[in-house]
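A look at the structure
As a plain string of letters, each chain reads:
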There are 2 protein chains.
Amino acid sequence: MYSERMSTSERLIESTRELLWERGYVGTSPKAILERSGAGQGSMYHHFKGKPDLALAAIRRTAEELGATAEAVLTGPGTPYDRITAYLTRERDVLRGCPVGRLTMDPDIVANDELRAPVDETLDRIRELIAAIVEEGKEQGQFAPSLDGAEIAATVLATVQGGYVLARASGSPAAFDAGVRGLLSLLEPRGTPHP
Amino acid sequence: MYSERMSTSERLIESTRELLWERGYVGTSPKAILERSGAGQGSMYHHFKGKPDLALAAIRRTAEELGATAEAVLTGPGTPYDRITAYLTRERDVLRGCPVGRLTMDPDIVANDELRAPVDETLDRIRELIAAIVEEGKEQGQFAPSLDGAEIAATVLATVQGGYVLARASGSPAAFDAGVRGLLSLLEPRGTPHP
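These figures come from a predicted structure and were not determined experimentally.

Analysis parameters
Residues numbered from 1 in each chain as written. Chains lettered and ligands numbered in written order. Predicted model: local features only at pLDDT ≥ 70, side-chain atom pairs only at ≥ 80, totals over all residues. Heavy atoms only, no water. pLDDT = per-residue confidence, 0-100. Helix = DSSP H or I, 4+ residues; strand = E, 2+ residues; numbered from the N terminus. Expected span 1.5 Å × (residues − 1). Buried < 20%, exposed > 50% of the residue type's maximum accessible area, 1.4 Å probe, protein only. Polar contact = N/O pair within 3.5 Å; in protein donor to acceptor, adjacent residues only side chain to side chain. Domains from an automatic or database assignment. Contact = heavy atoms within 4.5 Å. Buried area = accessible area lost by both parts, 1.4 Å probe. Salt bridge = Lys/Arg side-chain N within 4 Å of Asp/Glu carboxyl O. UniProt positions renumbered as here; feature names shortened; annotations may be inferred. Least-squares fit on C-alpha atoms with pLDDT ≥ 70 in both. Phe/Tyr/Trp six-rings, centres within 6.5 Å; stacked < 30°, edge-to-face > 60°. Lys NZ or Arg CZ within 6 Å of the ring centre and 35° of its normal. Lys, Arg positive; Asp, Glu negative; His and termini not counted.

**Brief notes about the confidence of the model for chain A**
In this model, chain A carries an average pLDDT of 93, and 95% of its residues clear a pLDDT of 70 or more. Averaged pLDDT values for the elements of chain A fall to 88 in helix H6 (residues 107-110) of chain A and rise to 98 in helix H9 (residues 174-187) of chain A.

As structure tokens, this is what we get:
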């Protein structure tokens, strides 16, 4: 239940986000959304065309939040290696998984181009930011000239997304952390002395 | 429907594997298993204690198959780098996702220690095999002595699992391939000339 001051359409979106997270698209019924948000059916159909429309608003918001968090870290201070390190080691609720990445395991979302679009766009945007940072690091001589920015960006993103899978499989964040440390050791700037 | 020559318990396990894949644990009802396998209710309860027992048999079999496939590639011919390359580039149905990794996104499986165990054990076994290969590569001077076998193994596995996420988000295997190529460029043996 949400604060009285939150608008009905806000409560509907937030309830849908929670339900998508907990039960997936198929398990998120209009009835459950109404119950959790405390909104009436007429009110829901006043604000949204139906469940797909509400799910799209919910997915867009989740994707925008993740994109903004990643962007803040990746455009922060420090060398290219520092910024990639900050992105890889930022605080995460590892065992819950990525709110955006997890949507790709929902068959109903992946099968629907409109629902999949915000997920794809957000991951793409993060990948482009990281690719540019790698290219910057190459110019500064931090990274080997043979590396391809777009490929390394995909590896960075995949290590994070796959780290969630390993953590959930083992019931511990340790595997996530190990994968990140491994990648950072491979990316370590050239000429850095090893202890 | 399965061949007449397949035993009833086989048909029950295979039907459960398919349903877990298509609908997840919650969406796999005993009724759906009976319908797909063509087995009778009495026969199901003769062979299995119920849905959790049948799901465990199905998950074990999927995990064993994946473990055996990975082991065959990782213990094949070639240098440590060659074997890791073979593992990363082996043919995969990328857009379907990993049959084992995907189970970690099923809340009912992750919450159940018994159902999660075969997933965890299989990923662990693959990780140990890769860790040993990295250590071998360090001894041979292929990989930098500063790398940690267990960490690199987690990175390799995470890149694969996360590659599926990126591929499913974009609706194309290209992002999976890019992540793998990025990791291979980072792992490239020292002293290899760049074109």
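**Here we look at helix H8 (residues 149-170) of chain B**
All names here are of chain B. For H8, spanning 22 residues, the distance from its first C-alpha to its last is 31 Å, which sits close to the expected 32 Å at 1.5 Å a residue. For H8, the buried fraction is high: 20 of the 22 residues fall into the buried class. Its side-chain oxygen at 3.0 Å from the backbone nitrogen of Ala-150, Asp-148 defines the N-terminal cap of H8. One or two residues past the end of H8 sits Gly-171, with phi positive at roughly 70°.

**Some words on the domain arrangement of chain A**
Residues and elements named next belong to chain A. Each domain of chain A was delimited in the assignment, giving domain 1 (1-48) and domain 2 (59-187). Using only C-alpha atoms to locate each centre, domain 1 and domain 2 end up separated by 29 Å. Each side of the interface is counted separately: domain 1 has nine residues, and domain 2 has 13 residues. Together domain 1 and domain 2 conceal approximately 990 Å² of surface at their shared face, both sides included; 52% is due to carbon and sulfur atoms. Contact with domain 2 buries surface across domain 1, with Arg-17, Trp-21 and Tyr-25 losing the most and accounting together for 71% of the total. Seen at the junction of domain 1 and domain 2, the total is three salt bridges. Taking the shortest distance from any N to any O, the salt bridge between Arg-17 and Glu-65 comes out at 2.8 Å. Taken together, domain 1 and domain 2 are joined by six residue pairs in polar contact (both at pLDDT 80 or more).

**Looking at the UniProt feature "domain: HTH tetR-type" (unreviewed entry) in chain A**
Mapped onto the present numbering, the UniProt feature "domain: HTH tetR-type" (unreviewed entry) falls at residues 6-66 of chain A. Annotation note: span residues 6-66 of chain A, helix share 77%, strand share 0%, distance between end C-alpha atoms 22 Å.

**With respect to the relation of the copies chain A and chain B**
Rotating chain A by 180° and moving it 0.0 Å along the rotation axis overlays it on chain B with an RMSD of 0.0 Å. The relationship between the two copies is best expressed as a two-fold rotation axis. If distances are taken from each C-alpha of chain A to the rotation axis, the shortest is found for Gly-162 of chain A, at 1.8 Å. A share of 100% of interface residues in chain A that are also interface residues in chain B marks the association as one of identical surfaces.

**Side note on the side chain of Arg-127 of chain A**
Its place among the elements puts Arg-127 of chain A in helix H7 (residues 113-139). Aside from chain neighbours lying at most four places away, what touches Arg-127 of chain A is Ala-153, Ala-154 and Leu-157 of chain A together with Leu-166 and Ala-175 of chain B.

**Details of the packing of aromatic side chains**
Counted under the stated rule, the structure contains two aromatic pairs over all chains. Ring plane angle 55° and centroid distance 5.2 Å describe the contact between Tyr-164 of chain A and Phe-176 of chain A, whose orientation is recorded as tilted. With a gap of twelve residues between them, Tyr-164 of chain A in helix H8 (residues 149-170) and Phe-176 of chain A in helix H9 connect regions that are remote in the sequence. A relative accessible area of 3% means that Phe-176 of chain A is categorised as buried. Here the guanidinium or amino end of Arg-102 of chain A rests over the ring plane of Trp-21 of chain A, the centre of that ring lying 4.0 Å away. A cation sits over an aromatic face here: Lys-51 of chain B above Tyr-25 of chain B, 4.2 Å from the ring centre.

**Here's the deal with the UniProt feature "DNA-binding region" (unreviewed entry) in chain A**
When the UniProt feature table is mapped to this numbering, "DNA-binding region" (unreviewed entry) covers residues 29-48 of chain A. Between the first and last C-alpha atoms of residues 29-48 of chain A the distance is 14 Å; the span itself is 75% helix and 0% strand.

**Some thoughts on the interface of chain A and chain B**
Taken together, the contact between chain A and chain B spans 40 residues of the former and 40 residues of the latter. Roughly 3500 Å² of surface becomes buried between chain A and chain B when both sides are summed, with 69% attributable to carbon and sulfur atoms. Looking only at chain A, the three residues that lose the most surface to chain B are Met-105, Arg-168 and Leu-186 of chain A, adding up to 20% of its buried area. Taken together, the connections running from chain A to chain B amount to two salt bridges. Here Glu-151 of chain A and Arg-181 of chain B are joined by a salt bridge, their closest N and O atoms 2.7 Å apart. Counting the contacts that link chain A with chain B gives twelve residue pairs in polar contact (both at pLDDT 80 or more). Those elements that provide at least two residues to the side of chain A that touches chain B are H6, H7, H8 and H9 of chain A.

**Examining the environment of Leu-186 of chain B**
Position of Leu-186 of chain B among the secondary structure elements: in helix H9 (residues 174-187). Spatially, the C-alpha atoms of Leu-186 of chain B and Gly-101 of chain B are 24 Å apart, while their sequence positions differ by 85 residues.

**Some details on the side chain of Arg-168 of chain B**
Summarising the element assignment, Arg-168 of chain B is placed in helix H8. The side chain of Arg-168 of chain B sits in the buried core without any salt bridge; Asp-106 of chain A is the nearest counter-charge, 7.5 Å away. Of note is the side chain of Arg-168 of chain B, whose polar atom sits 3.2 Å from the backbone oxygen of Arg-96 of chain B.

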